[in-house]
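Structural overview
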Amino acid sequence: MSEIAIIGAGAWGTALSIVLGREDSHRVRLWAHEKEVCDAISAHRVNEKFLPEQRIPACVKPCNDLAEALQGAAIVVSVMPSQHCRRLFERMRPHLGADTMIVSATKGLEETSLLRMTEVIVQIMKGDGIPAPRIGALSGPSFALEAARGDPTAITIASEDKELARFVQKEFSHASFRLYTNDDPVGVELGGALKNVVAIAAGVCAGLGLGHNSVAALITRGLAEMTRLVVACGGKAETMAGLAGLGDLVLTCTGGLSRNRSVGVELGRGYKLPEILAGMHGMVAEGIFTTTAAVGLARARGVEMPITEQMHAILHQGKPPREAIQELMSRSSKSETLRG
């Protein structure tokens with residue numbers, strides 16, 4: 001029976017615990033930062049704060065102690081917000097074995113270093129004489145609520161460690177949850193992070209009252225700039241045509257459950273970012289943090305990302321959303337098949 005530790009009891013971490021807890025072959029421990037979340041799951045088998053009305057199987061054990069959550073785990077799934085990844089893995093490192101498989105399911109970039117989550121984890125885990133950890137990235141089009149209630153969902157596990165990818169695929173897949181393997185963690189991670197930025201832009205269009213033409217153009221050109229950055233960072237263009245690229249981008253830009261799109265909608269309606277964040281009650285929209293890192297990464301790699309630049313200006317410089325959209329439309333004429 002596989003021991004699986006899920007670190008992070010937000011909506012997606014809780015949904016994964018429900019999905020994996022449906023299988024009799026798993027013992028799942030779900031670590032939550034908030035003690036009240038652990039207490040609520042223990043008492044009522046529901047995470048009322050982050051995923052209400054979705055019953056958590058009895059085989060899922062909630063934990064507030066990292067050492068307890070990690071003890072004996074064959075697979076550790078990190079689902080914490082990106083800004084907490086470094087700090088938590090520094091605490092987790094003494095409790096992780098050399099053979100522990102680490103799966104990052106966080107869709108973001110570290111703001112200060114511009115690193116992908118697996119890069120942050122490897123940096124922490126790899127010391128003098130210590131080999132790099134066995135690690136992969138889990139991403140794809142997956143709203144937590146829909147996965148938790150058993151809607152058919154397909155995502156990808158990406159790793160250069162093919163044995164790890166196949167093992168995670170086997171352990172996580174079942175009738176309503178399908179995993180594909182991928183050998184391009186760079187593309188899969190960047191796709192999962194960057195689509196959140198484009199989703200904010202899609203929300204801005206909706207908040208401004210713009211129609212389907214605008215969103216279709218935005219998704220298409222957003223995918224183009226995502227692909228440019230992925231390739232510049234060593235990933236594969238074809239990954240952006242798959243689940244972690246186009247699939248996740250379309251879902252996040254059009255689905256009503258997307259927190260990133262919802263932030264954009266409110267921005268388009270004229271609300272300021274602090275007001276929007278106050279109304280989210282602790283929920284995280286990763287695109288807000290990723291936008292800054294993506295701009296920095298694009299500039300470092302010499303990649304043009306006009307949509308990302310305009311979202312950064314709206315989010316962090318107070319630029320009026322309508323003005324940002326007008327600037328995107330008035331850029332100098334380009335060829336669709338050429339760079340930019």
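Data block above holds the structure.
Residues numbered from 1 in each chain as written. Predicted model: local features only at pLDDT ≥ 70, side-chain atom pairs only at ≥ 80, totals over all residues. Heavy atoms only, no water.

Moving on: the overall build of the protein chain. Helix and strand content of the protein chain: 15 helices and 10 strands. Computed over the C-alpha atoms, the radius of gyration of the protein chain is 19 Å, within 12% of the 20 Å expected from 2.2 N^0.38 for a compact globule of 340 residues. Oriented by its inertia axes, the alpha-carbon framework of the protein chain measures out at about 60 × 45 × 35 Å. With 340 residues in all, the protein chain has 55% of them scored as buried. Sequence-distant contacts in the protein chain: of pairs separated by 6 or more residues, those separated by 24 or more amount to 71%. Summed over its atoms, the accessible surface of the protein chain is roughly 14600 Å², and 52% of this surface lies on carbon and sulfur atoms. (Helix = DSSP H or I, 4+ residues; strand = E, 2+ residues; numbered from the N terminus. Rg over C-alpha atoms; globule rule 2.2 N^0.38 Å. Buried < 20%, exposed > 50% of the residue type's maximum accessible area, 1.4 Å probe, protein only. Contact = heavy atoms within 4.5 Å. Areas by Shrake-Rupley, 256 points an atom, 1.4 Å probe, with all protein chains shown as cover.)

Two elements in contact, helix α8 (residues 185-207) and helix α9 (residues 212-232), have axes whose closest approach is 9 Å; the angle formed by their N-to-C orientations is 150°. Overall, the two elements α8 and α9 adopt an arrangement that is roughly antiparallel. In this structure, the crossing between α8 and α9 has a hand that is right-handed. Contacts between α8 and α9 involve V186, G187, L190, G191, L194, K195, V198, A201, A202 and C205 from the first element and S214, V215, L218, G222, M226, L229 and V230 from the second. (Axes fitted to C-alpha atoms, helices over the stretch in contact; angles between N-to-C directions. Parallel < 35°, antiparallel > 145°, perpendicular 65-115°, else oblique. Left-handed = near helix turned anticlockwise from the far one by under 90°.)

Among the secondary structure elements, M311 is positioned in helix α14 (residues 306-317). Its relative accessible area of 1% is what places M311 among the buried residues. A C-alpha to C-alpha distance of 9.6 Å links M311 and G287, two positions 24 residues apart in sequence. Excluding residues within four positions of it along the chain, M311 makes contact with V197, I200, A201, V204 and T291.

Bringing the nonpolar core into the picture now. Within soluble globular proteins, side chains that are nonpolar generally end up buried alongside one another. Grouped together as the largest cluster of nonpolar side chains are 45 residues, with contacts concentrated most on L190, L229, V263, L267 and M311. Going through the elements one at a time, α8, α9, α10 (243-254), α11 (259-268), α12 (273-278), α13 (286-301), α14 and α15 (321-329) are the ones with two or more residues in this core. Residue contributions to this core peak at 12 residues, all from α8. Beyond its immediate stretch of four places on either side in the chain, L229 contacts L190, L194, A294, L297, A298, R301, V303 and M305. Formed by 37 residues, the second largest nonpolar core is a distinct cluster that contains L30, V77, V168 and L179. (Core = buried A, V, L, I, M, F, W, Y, C linked by side-chain atoms within 4.5 Å.)

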